[in-house]
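# Fold and geometry: a report
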Amino acid sequence: MFKNVIVRVPSKHISEGITSAHEGKPDYKKALQQHENYVSALTKTGVNVTVLAPEDDFPDSCFVEDVALCTSKCAIVTRPGALSRRKEAALPDMIEALNKFYDHVEYIEDPGTVEAGDIMMVGDHFYIGHSARTNEAGGKQMIAILEKYGLSGQMVEMKEMLHLKTGLAYLENNNLLTAGEFKTAPEFEKFNKIGIEMDEAYGANCIWVNGYVLVPAGYPKVQKKIEDLGYKVIVVDTSEYRKIDGGLSCLSLRF
Ligand code: GLY
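For the structure given in this document, a descriptive report is provided here. This structure is a prediction, so every number in the text was calculated from the model and none was measured. (Residues numbered from 1 in each chain as written. Predicted model: local features only at pLDDT ≥ 70, side-chain atom pairs only at ≥ 80, totals over all residues. Heavy atoms only, no water.)

### A word on the side chain of Ser252
Its location among the elements puts Ser252 in the loop between α5 (239–242) and β15 (253–254). A distance of 2.6 Å separates the side chain of Ser252 from the side chain of Tyr38, its partner in a polar contact. Sequence-distant contacts of Ser252, that is, excluding residues within four places in its chain, are made with Val5, Ile6, Val7, Tyr38, Leu42, Val64, Glu65 and Ile207. (Helix = DSSP H or I, 4+ residues; strand = E, 2+ residues; numbered from the N terminus. Polar contact = N/O pair within 3.5 Å; in protein donor to acceptor, adjacent residues only side chain to side chain. Contact = heavy atoms within 4.5 Å.)

Dropping the structure here:
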């Protein structure tokens, strides 16, 4: 179960966020409203939500998932691979919030790069995507830190997706949503895989929170598959975040 969540209100320059999507620029006011709705949805699941103030100089800074890995034993502050995002990990209010919740806060160091959107937690084990943003040195540092606390990790080679959790969502009880390159990846054979079709691939970025699954609005086939598994679904509109390659998991740290 998760007790706490950390989010950050979007920057007023969110329209300048890194993107590979060709869907236009996010509308700032709409993004703010969607963020409020996201926080309300999380609150329904029983977590306490810490809302950090916007950092206007960092257009992607609402995607707090990338700047830290929050485990049951420690928090690990990352070193984002995207240069425009690197300093997001050192923002003082985030470090302060992590130190409030954790006795142990560790750091990924140069030459390592990690964005924790590339990391999927399954109990005490962590799958770490080797992506354009997370390098081998970063992955190795992450695994060494995890092992220091009795946790474990392994790297997963990636070819196409931005982040590991762009195409994977672990819904507990061995249920794993898979899209794109992860549908056939050997690392995930042992799971009950729920394959997501290409036309709804963005919908694979769902989050399990305390028995609920938050699902992005506009992906009815994904929603039905999750409902059929017996989960309580909360639909949240993330249209403005999608325009800059962000989704439900990217917008929070859950622990
Ligand atoms: N715009 C989200 C990212 O590229 O990190």
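### Here we look at the pairing of strand β8 (residues 152–157)
A regular strand places its side chains on the two faces of the sheet in alternate fashion. Strand direction decides the pairing type here: strand β7 (residues 125–130) and β8, joined by 6 bridges, are parallel. Of the residues in β8, the one forming a bridge with His125 is Ser152. Regarding the hand of the β-α-β motif, the stretch spanning β7, helix α3 (residues 136–148) and β8 is right-handed. (Pairing = 2+ DSSP bridges. Right-handed = clockwise from strand over helix to strand, strands pointing away.)

### So, the side chain of Glu88
In this structure, Glu88 sits in the loop between β4 (75–77) and α2 (92–101). The class of Glu88 is buried, set by a relative accessible area of 2%. Residues in contact with Glu88, not counting those within four places in the same chain, are Phe58, Asp60, Ser61 and Val67. (Buried < 20%, exposed > 50% of the residue type's maximum accessible area, 1.4 Å probe, protein only.)

### Details of the packing of aromatic side chains
Inspection of every chain in the model, using the stated rule, returns 10 aromatic pairs. Ring centres 5.1 Å apart and planes at 55 degrees place the aromatic pair Tyr127 and Phe188 in the tilted group. With Tyr127 in strand β7 and Phe188 in the loop between β10 (175–178) and β11 (192–195), the pair connects residues that are 61 residues apart, well separated along the chain. A residue is classified by how much of its surface remains accessible, and Tyr127, at 2% relative accessible area, is buried. Plain terms: the ring middles of Phe188 and Phe191 are 6.3 Å apart, the flat faces sit at 45 degrees to each other, and that makes the pair tilted. Considered together, Phe188 and Phe191 belong to a single accessibility category, that of buried residues. Positioned above the aromatic ring of Tyr212 is the side chain of Lys232, whose terminal nitrogen or guanidinium carbon lies 4.4 Å from the ring centre. One cation-aromatic arrangement involves Arg242 over Tyr202; the distance from NZ or CZ to the ring centre is 5.0 Å. (Phe/Tyr/Trp six-rings, centres within 6.5 Å; stacked < 30°, edge-to-face > 60°. Lys NZ or Arg CZ within 6 Å of the ring centre and 35° of its normal.)

### Concerning the nonpolar core
Formed by 53 residues in total, the largest nonpolar core has its most connected members in Tyr38, Leu42, Met120, Leu177, Phe188, Leu214 and Ile226. Top contributing element to this core by residue count: helix α1 (residues 28–44), with 5 residues. Leave out the neighbours within four places in its chain, and Met120 touches His125, Phe126, Tyr127, Leu164, Lys165, Leu168, Tyr170, Leu176 and Phe188. Val64, Val67, Ile95 and Tyr102 belong to the second largest nonpolar core, which has 17 residues in total. (Core = buried A, V, L, I, M, F, W, Y, C linked by side-chain atoms within 4.5 Å.)

### A short note on the sheet that holds strand β9 (residues 168–170)
Strand order in the open sheet formed by 3 strands is β9-β10-β11, with mixed pairing between adjacent strands. One side of each edge strand has no neighbouring strand; the edge strands of this open sheet are β9 and β11. Strand-to-strand, the axes of this sheet are offset by a mean angle of 20 degrees, without reference to chain direction. By the bridge criterion, 3 bridges tie β9 to β10 in an arrangement that is antiparallel. From the neighbouring strand, Ala169 faces β10, where its bridge partner is Leu177. (Axes fitted to C-alpha atoms, helices over the stretch in contact; angles between N-to-C directions.)

### Some words on the site of the ligand
By nearness alone, every residue bordering the ligand is listed as Ile18, Asp60, Phe63, Arg85, Arg133 and Ile244. At 2.7 Å from an oxygen atom of the ligand is found a side-chain nitrogen or oxygen belonging to Arg85. Ile244 is positioned such that a nitrogen or oxygen atom in its backbone is 2.6 Å from a nitrogen atom of the ligand. Split into classes, the residues belonging to the shell around the ligand amount to 3 nonpolar, no polar and 3 charged. (Near = heavy atom within 4 Å. Nonpolar A, V, L, I, M, F, W, Y, C, P; charged D, E, K, R; others polar.)

### Quick notes on the sheet that holds strand β6 (residues 119–122)
Taken in spatial order, the 3 strands line up as β6-β7-β8 in an open sheet, and their pairing is mixed. Only two strands of the sheet have a single partner each, and these edge strands are β6 and β8. Across this sheet, the average inter-strand angle for adjacent strands is 25 degrees, counted without regard to direction. Note: β6 against β7, 4 bridges, orientation antiparallel. Along β7, the bridge assignment pairs Val122 with His125. Here α3 sits on the sheet and contacts β6, β7 and β8; the angle it forms with β8, its principal contact strand, is near 160 degrees.

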